[in-house]
Amino acid sequence: MRNELLTWFAREGMLLSSATSSDDPDDDEIKIVVKPPMIALSRASKDFRECPDPLDFGYPESSLEMMNIDDMNQFVMEWLEHAVAAGMGRCFVCNQILDNSDEKPWDAVLITRDIYCWLLVHFDCKRYLSRDLKGRNPFEVAADPPEIFGDMCI
Ligand SMILES: [Zn+2]
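Residues numbered from 1 in each chain as written. Predicted model: local features only at pLDDT ≥ 70, side-chain atom pairs only at ≥ 80, totals over all residues. Heavy atoms only, no water.

Asker: Any details on the packing of aromatic side chains? Residues and values, ideally.
Answerer: Following the criterion strictly, the structure yields four aromatic pairs and no others. Between Trp 8 and Phe 9, the aromatic rings sit 5.3 Å apart at their centres with planes inclined by 80 degrees, giving edge-to-face as the arrangement. Residue classification places Trp 8 among the buried positions, given a relative accessible area of 3%. Taking 5.5 Å as the distance between ring centres and 85 degrees as the angle between the ring planes, the aromatic pair formed by Tyr 59 and Phe 75 counts as edge-to-face. Highlighted residues: Tyr 59 in the loop between β4 (48-50) and α2 (63-66) and Phe 75 in helix α3 (residues 69-85), separated in sequence by 16 residues. (Phe/Tyr/Trp six-rings, centres within 6.5 Å; stacked < 30°, edge-to-face > 60°. Buried < 20%, exposed > 50% of the residue type's maximum accessible area, 1.4 Å probe, protein only. Helix = DSSP H or I, 4+ residues; strand = E, 2+ residues; numbered from the N terminus.)

Quick look at the structure:
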């Protein structure tokens, strides 16, 4: 992830940090690990993605400076709609593959407790969400780079 995007998340207070020390007793260095928000395409650990970077979608370099959290939400929402259209999105609670028909409507939710994460969930499944989020440690999740959807590029 670009430093500019990390800085943006820091500015918005969405960067988690964790201090870890090495297991080696001779090494007293404390490492600070930072974790930007992630996207969960499903609850499976292989389906976590880094937040997409507007720059990769053709946005001008200066766009981050002008974006606030609502703009970022909208950008991520658009990315998620493309992911669902590609058959990659699953409900975080019931694990069903989502689609963009209105039959079983879903929502993208930004979780801000313990972990910063956008995830997908059916409206009907939302009430079970806190149960399924319990015990998630963002520092144990390795997120893959996000897919670049060509028709989302400007
Ligand atoms: Zn569901």
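Asker: Let's hear about the coordination of the zinc ion: which residues, and what values?
Answerer: Coordination sphere of the zinc ion, protein contribution only: Cys 91 (SG), Cys 94 (SG), His 122 (ND1) and Cys 125 (SG), at 2.1 to 2.4 Å. What the four donor atoms of the zinc ion show is an angle range of 99 to 117 degrees at the metal, which sorts the shape as tetrahedral. Of note, the donors binding the zinc ion are all from one chain and are spaced C-x2-C-x27-H-x2-C. Here the residue Cys 91 occupies a position in the loop between α3 and β5 (106-111), and Cys 125 occupies one in the loop between β6 (117-122) and α4 (129-133), the gap between them amounting to 34 residues. Overall, Cys 91 belongs to the buried group, its relative accessible area being 0%. (Donors = N, O, S within 2.8 Å, 3.2 Å for Na, K, Ca; no water. Tetrahedral: all angles 85-135°; square planar, octahedral: opposite > 155°, others 65-115°.)

Asker: Could you give me a rundown of unusual backbone geometry, with the residues and numbers involved?
Answerer: Notably, Asn 95 is not glycine yet its phi reads approximately 70 degrees, a positive angle. Asn 95 sits in the partly exposed class, given a relative accessible area of 32%. The phi dihedral of Asp 114 is positive, around 70 degrees, even though this residue is not glycine. When you line up the elements, Asp 114 lands in the loop between β5 and β6.

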